Amino acid sequence: MNTAINNRHNRVRQSSGDRVFDFVVTLIGVLIMLIVLIPLIFVLSASFSDPDLVLRGKVLLIPKGITFRAYTLVFENRDIWIGYRNTVFYTVAGTAINILLTIMAAYPLSRKEMTGRRFFTLVVLFTMYFNGGLIPTYLLVRNLGMYNTAWAILIPSAISTYNLIVAKSFFEQSIPQELYESARLDGCGSLRTLISIVLPLSKAILAVLVLYYGVAHWNAYFNSLIYLRDTSKHPLQVVLRNILLLGQTEQMGSNDVGMGEKIKMVEAIKYSVIVVSSVPILLLYPLAQRYFVSGVMIGAVKG
Amino acid sequence: MKKFLRAVRREYGLYLIFLVPLVWYIIFMYAPMYGLQIAFKRYNARLGIWGSPWVGFMYFRQFFDSYYFKDLIVNTLVLNVYQMALGFPVPILLALIINEIRYRPLQKAIQNITYIPYFLSIVVIVSMLKLFSNPDYGLFNKIVTTFGGTSADYFAKVGAFRSLYVFSGVWQNMGFNSVIYIAALSAIDPQLYEAASIDGASRLMKIVHISIPQILPTIVILFIMRIGSLMNVGFEKVLLMQNNVNMEVSDVISTFIYRNGIQKGQMSYSAAVGIFNSIINLILLVGANRITRRLGETSLW
């Protein structure tokens, strides 16, 4: 990320008061960093530690009695695998649909040649402030016959108006009008202009959209909860909810261990389940944070 | 209209491309608004939205007269105001702190690390809260007992629900929400700071008299938008955190709608509650916008 943060004003000679200020600010900064990091490190080290030691509260930041048993159990669990597969599908297919529809809306709305675009923009924007809400949408999805099908996950959330506005602002600001004019002179139609001129110049916004939508799909659980009845269709987050919050871990762990041992493993599994489900998103993170930030910037220009 | 039709003929490609998303908006955004009429009807799945008989404001009256009406409003507002009181200023403060740190690698590190939790799912965040609240070995209790407190299962404590909700939200979102302010801070003209230094301003004075006034328009815009969703709590998170013990403080309008509509099938009644919620939001948004415009600050429209 390239935020040119203002440091220049500090070059002027420092008074002792400013030095104290410097110290305090740095201290607070480090403290904030620790507050964010400690819970994350704790989960990670607990997931690798001997469950016995975790349960006795011996593990804090450094894993103790390193073992991969919890991970072995997690990967032996069928539900997790099914959830993983479903989530990958919903994320890939859902994001593809999102990008397609968002571009198809944002591009025309960004073109000055489109008479009535003010009205259409208003039609789109209005839904950010007022919408039908949960119940009518739920009834609609049921009436369309999407209940308990993947469509219910992919289609009703096909466009996020916020992302659409971000994309529209990007097109307006970074594609010069002259480009459209010369494309027209060369006999390019609107669709052709979009595909061979606008999109190649819009890699940054495409990356932003892929990440915004992708992360949202990966982390979504609510629509699956209300629209999908079959457990075989549930995404990872719903499986996680069942294991972590509703405590459905009975099927985990082999039968040859005693009850006490089982309870211990159940707790240890929870930490590794968290790690296993979050790793793909966090691996994306170095790339993601850069584009996430630029997305915020584009969106900020015209909220 | 004539002009519009001429434009459609000339630029039919653009309109053709826009047609698909427009149809999507009509079906998935505007049709549910039309479907809201079930709030004024006694919805019957067999008769459908159109065929169900009208009942007027019956469901609204039923909601206003219900004994839980006041509790729901109070819970929703308290949770939201609490969240806003902390969740709104913290990212601003974080941005100011990051902006003031002079050691570049540390500055970068704080920024990059505070974004991480934003990427975790709500299910994971709530699970962490539950695991950390374990009275025997949870992280919270280890910290509490280190400082001489007594351990308790915070996740199952009525009094702790709101704080857990708000603080975990701040923890998760402060980094990401500070980005916009950091950008605004970096756009400030350095000459302002130089001039202030020559006049002998301390760093704190520069924050108060330059940094904050300069990012005020950004703050105002975000504040109005936040007010507009004052009645919208992070519904999915509340739902995950809800249990029989904390119900008296955790039941908010949106979870009430979910429970009565989706789970118990009282579609009309829930839709009426939903409309009530949306209208209050709209009034708050318009009101906040009007007030800030009158104060001569930036406004949304």
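Treat the numbers as computed from the prediction; the structure is a model and nothing was measured.

Participant: Please provide a residue-by-residue account of the overall build of chain A, values included.
Facilitator: The number of helices and strands found in chain A is 15 helices and zero strands. Counting across all 303 residues of chain A, residues that qualify as buried make up 52%. Considering only intrachain contacts with a sequence separation of at least 6, the fraction spanning at least 24 residues in chain A is 72%. Here chain A has roughly 14,100 Å² of accessible surface; of this, 65% comes from carbon and sulfur atoms.

Participant: Talk me through the domain arrangement of chain A; I want residue IDs and the actual numbers.
Facilitator: Residue and element names in this part refer to chain A. Each assigned domain of chain A is listed with its residue range as follows: domain 1 (1-67) and domain 2 (69-303). Taken together, the 13 residues of domain 1 in the interface contact 14 residues of domain 2. Counting the surface lost from both domain 1 and domain 2, the interface buries some 1,100 Å², and carbon and sulfur atoms represent 76% of this. Taken together, the links from domain 1 to domain 2 amount to zero salt bridges. For the interface between domain 1 and domain 2, the tally reads two residue pairs in polar contact (both at pLDDT 80 or more). When residues of the side of domain 1 that touches domain 2 are traced back to their parent elements, those giving at least two are helix 1 (16-48) and helix 2 (51-55). Ranked by residues supplied to the side of domain 1 that touches domain 2, first place goes to helix 1 with six residues. Each residue belonging to the side of domain 1 that touches domain 2 can be placed in one class, and the counts come to nine nonpolar, three polar and one charged.

Participant: Account for a positive patch on the surface, naming residues and giving values.
Facilitator: A surface patch of like charges, here positive, comprises Lys2, Lys3, Arg6, Arg9 and Arg10 of chain B. The topology assignment puts Lys3 of chain B in helix 1 (residues 2-10).

Participant: Before we move on, could you go through the packing of helix 8 (residues 161-174) of chain A against helix 11 (residues 203-219) of chain A and cite the residues and values that matter?
Facilitator: All names here are of chain A. Across the interface, helix 8 lies against helix 11 with an axial gap of 10 Å and an inter-helix angle of 175 degrees. In terms of orientation, helix 8 lies roughly antiparallel with respect to helix 11. Of helix 11, the residues touching helix 8 (which contributes Tyr162, Asn163, Val166, Ala167, Phe170 and Phe171) are Ala204, Ile205, Leu209, Tyr212 and Tyr213. Residue composition of the contact of helix 8 with helix 11, grouped by class: ten nonpolar, one polar and no charged.

Participant: Describe the interface of chain A and chain B, with residues and values.
Facilitator: With 102 residues of chain A at the interface, the matching set in chain B holds 94 residues. In total, chain A and chain B occlude about 9,400 Å² of area from one another, counting both sides; carbon and sulfur atoms represent 75% of this. Joining chain A to chain B, the criterion identifies three salt bridges. One salt bridge connects Arg102 of chain B with Asp22 of chain A, and the closest N-O pair in it is separated by 3.3 Å. Summed over the shared surface of chain A and chain B, the number is 13 residue pairs in polar contact (both at pLDDT 80 or more). Considering every element that reaches the side of chain A that touches chain B, the biggest residue donor is helix 1 of chain A, with 18 residues. When the residues that make up the side of chain A that touches chain B are grouped by side-chain class, the tally is 70 nonpolar, 23 polar and nine charged.

Participant: Tell me what's going on with the confidence of the model for chain B, and back it up with residues and numbers.
Facilitator: Residue and element names in this part refer to chain B. Here chain B averages 89 in pLDDT, and 98% of its residues register 70 or above. By mean pLDDT, the top-scoring element of chain B is helix 6 (residues 89-100) (96), and the lowest-scoring one is helix 9 (residues 139-146) (81). Here the complex is predicted with pTM 0.89, and the ipTM for its interfaces comes to 0.88.

What counts and how
- Residues numbered from 1 in each chain as written.
- Chains lettered and ligands numbered in written order.
- Predicted model: local features only at pLDDT ≥ 70, side-chain atom pairs only at ≥ 80, totals over all residues.
- Heavy atoms only, no water.
- Helix = DSSP H or I, 4+ residues; strand = E, 2+ residues; numbered from the N terminus.
- Buried < 20%, exposed > 50% of the residue type's maximum accessible area, 1.4 Å probe, protein only.
- Contact = heavy atoms within 4.5 Å.
- Areas by Shrake-Rupley, 256 points an atom, 1.4 Å probe, with all protein chains shown as cover.
- Domains from an automatic or database assignment.
- Buried area = accessible area lost by both parts, 1.4 Å probe.
- Salt bridge = Lys/Arg side-chain N within 4 Å of Asp/Glu carboxyl O.
- Polar contact = N/O pair within 3.5 Å; in protein donor to acceptor, adjacent residues only side chain to side chain.
- Nonpolar A, V, L, I, M, F, W, Y, C, P; charged D, E, K, R; others polar.
- Patch = residues over 30% accessible without salt bridge, like charges linked within 9 Å, V, L, I, M, F, W, Y side chains within 5 Å.
- Lys, Arg positive; Asp, Glu negative; His and termini not counted.
- Charge placed at Lys NZ, Arg CZ, Asp CG, Glu CD.
- Axes fitted to C-alpha atoms, helices over the stretch in contact; angles between N-to-C directions.
- Parallel < 35°, antiparallel > 145°, perpendicular 65-115°, else oblique.
- pLDDT = per-residue confidence, 0-100.

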